[in-house]
Amino acid sequence: MSELTPRSELRSRSELRTRSGASTLTGIARHGRLRKASPIGTILKFVAAALAVVLVSGVSVGALAVTGLTSKATVVDIPSTEDGAAPLPEVGAIEGGFNILIAGSDTRADQGGIGGSADDDSGELNDVTMLLHVSQDQTNAVAISFPRDMVVGIPECENSDGYTKGYSTEPINVALSYGGLSCVAQTVTELTGLPVQYAGLIKFYGVINMADAIGGVDVCVDGPMVDDNTGINIAEAGTYNLTGIDALAFLRSRAAVGDGSDLTRISSQQVYLSALVRKLKSSETLGDFKKVYSLADAALSNMTVSSSLNSIPTMVSIAQALKNIPLENVTFVQYPGTTGGDGVYLNKVQPNEYAADALLEYIKADQPFALEAAGDDRGSTLDPNAPVAPVAPTTPSTEAPDVPVAEGVSGQTAAQYTCTVTNSY
């Protein structure tokens, strides 16, 4: 792949290596109670955000267009996750909080050789697993990324042939191979205690086509980023407009980011994610009918969706709930985990139960919380040359005494400009 050209004047590495506000508390997230009712790499952790904004397109595209788009998606059922109740029905107006699961498949089948030959496909894995939670008052949203190598309980799941596998303890990314999107939903619900009302699965082409549909995403890197495994080739620090295969290569790169782990790659993907959401929320995207339609077409043509999501009223209703959430109220977090364990956790990610339990309690109790910093300072860091002033940090002890800090939880808001920390020197 040819070397990428920076979008604007290159920043010096010394400037970008400055860790601005690394220890400052930042970004308050509010979460609501739900009403009862491959070795080659991974796709975008936050294609979840892409779907969220694709749904916004339902407001703009119109019924006839959306009808044509929804017919392009493959539809599956996900089991009930709440006291035997069926998935949420089609609704004219969604009230209260809800959850959307997004999984990213690593399959090469029908992907034109992207990521390797389909003959090398040893089983479809959910190398991306994210849960987008919308608060009870629909003014805030949080997206939780689950590391693909994090060892969790995989419940009994039935596959398309009727075979039901027993309970097991394995990396979360095997759930898709055992029982499809339904099994991923069951696994996430068992881990978090949060029911899944809507779910979608996206493939390589979906990421590529969506990046092209909106004219690329501006991504900042703090140094050279070269990874022969994915094909990303950025020679110098700077901000780059990534489209198509370059966007996919950036999102899949692990070796060239941070410490080379999946944990720092998630932080790097959140750099892309925040930039993606900012662009999607801008008038230049949502005000452009062609871009909106192309974005929806690119996503749904490469997706499997739950039957609860495959309806025009539901898509438009979700869009209405999401479109007015401010950037500073869209928070990306990584499910807390550590490496270096032994036994079943050897060379894998072990959940940090203490930090995870606290995070999930905030979400379930509609409790606002603050993050310790924007980015983890290993895979991402604040951009000291951001084009806009950063969101003012919040100090719970003085400005918001009742807001706890989500200790051990890394992430950022969509309003915060960050740069990927690279290691290609």
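Residues numbered from 1 in each chain as written. Predicted model: local features only at pLDDT ≥ 70, side-chain atom pairs only at ≥ 80, totals over all residues. Heavy atoms only, no water.

### Structural notes on the overall build of the protein chain
- Within the protein chain, the regular secondary structure consists of eleven helices and 22 strands.
- Expressed as a percentage of its 425 residues, the buried residues of the protein chain come to 57%.
- With an accessible surface of roughly 16100 Å², the protein chain has 48% of that area assigned to carbon and sulfur atoms. (Helix = DSSP H or I, 4+ residues; strand = E, 2+ residues; numbered from the N terminus. Buried < 20%, exposed > 50% of the residue type's maximum accessible area, 1.4 Å probe, protein only. Areas by Shrake-Rupley, 256 points an atom, 1.4 Å probe, with all protein chains shown as cover.)

### What about the pairing of strand 3 (residues 98–105)?
- Most of strand 3 sits out of view: eight of its eight residues are buried.
- Burial of strand 3 is two-sided: the residues Phe98, Ile100, Ile102 and Gly104 facing one way and the residues Asn99, Leu101, Ala103 and Ser105 facing the other way are all buried.
- Across eight bridges, the pairing between strand 3 and strand 4 (residues 126–134) is antiparallel. Opposite leucine 101, over in strand 4, you have leucine 131 as the bridge partner.
- Where strand 3 and strand 10 (residues 198–202) come together, five bridges link them in parallel fashion. In the strand pairing of strand 10, alanine 103 is matched with leucine 201. (Pairing = 2+ DSSP bridges.)

### What about helix 7 (residues 262–281)?
- The first and last C-alpha atoms of helix 7 sit 28 Å apart over 20 residues, in line with the 28 Å expected at 1.5 Å per residue.
- Burial analysis of helix 7 places 19 of its 20 residues in the buried class, the great majority of the element.
- At the N-terminal end of helix 7, a side-chain oxygen is found 3.3 Å from the backbone nitrogen of leucine 263, two or three residues along, and the residue is serine 261. (Expected span 1.5 Å × (residues − 1). Polar contact = N/O pair within 3.5 Å; in protein donor to acceptor, adjacent residues only side chain to side chain.)

### Quick notes on the sheet that holds strand 15 (residues 303–306)
- Strands sit in the order 2-15-10-3-4-5-16-21 across an open sheet of eight strands; the sheet is mixed. Looking at which strands have only one partner, the edges of the open sheet turn out to be strand 2 (74–76) and strand 21 (411–413). Neighbouring strand axes in the sheet, compared pairwise and without regard to direction, differ in orientation by 20° on average. (Axes fitted to C-alpha atoms, helices over the stretch in contact; angles between N-to-C directions.)

### Digging into the side chain of serine 182
- Looking at where serine 182 falls in the secondary structure, it is placed in helix 4 (residues 175–192).
- Residue serine 182 is classed as buried on the basis of its relative accessible area, which comes to 16%.
- Among all residues touching serine 182, those that are not within four sequence positions of it are Asp77, Ile78 and Pro79. (Contact = heavy atoms within 4.5 Å.)

### A short note on the pairing of strand 4
- Along strand 4, nine of the nine residues are buried, which leaves the element largely enclosed by surrounding structure.
- Of the strand pairs in this sheet, strand 4 and strand 5 (residues 141–145) are connected by five bridges, and their pairing is antiparallel. What sits directly across from leucine 132, in strand 5, is alanine 143.
- Linking two consecutive strands that pair antiparallel, namely strand 4 and strand 5, is a turn of six residues; a positive phi of about 60° is found at glutamine 138 within it.

### Topic: the sheet that holds strand 14 (residues 238–242)
- Strand order in the open sheet made by the four strands is 14-11-22-20, with mixed pairing throughout. The sheet is open, and its two edges are formed by strand 14 and strand 20 (380–382), each paired on a single side. The sheet shows a mean angle of 45° between the axes of neighbouring strands, taken without regard to direction.
- Both strand 11 (residues 217–221) and strand 22 (residues 418–420) contribute to a ladder of two bridges, which runs parallel.

### Some thoughts on the nonpolar core
- In terms of nonpolar packing, the biggest core is built from 51 residues, with Phe98, Met225, Phe250, Tyr272 and Ile318 touching the most fellow members.
- Here this core takes seven residues from helix 7, the largest share from any one element.
- Core analysis: the next-biggest nonpolar cluster, separate from the first, contains 37 residues, Val142, Leu181, Ala199 and Ile363 among them. (Core = buried A, V, L, I, M, F, W, Y, C linked by side-chain atoms within 4.5 Å.)

### A few points about the state of the cysteines
- By the definition in use, this model includes two disulfides.
- Shown here is the disulfide that connects cysteine 220 with cysteine 419, its sulfur atoms set 2.0 Å apart. Residues cysteine 220 and cysteine 419 are joined through a disulfide that is right-handed, its torsion about the S-S bond being 80°. Taken together, the residues span a long stretch of sequence, with cysteine 220 in strand 11 and cysteine 419 in strand 22 at a distance of 199 residues. Here cysteine 220 matches cysteine 419 in class, with each residue buried.
- Here the protein chain pairs its bonded cysteines, counted in sequence order, in the arrangement 1-2, 3-4. (Disulfide = S-S within 2.5 Å.)

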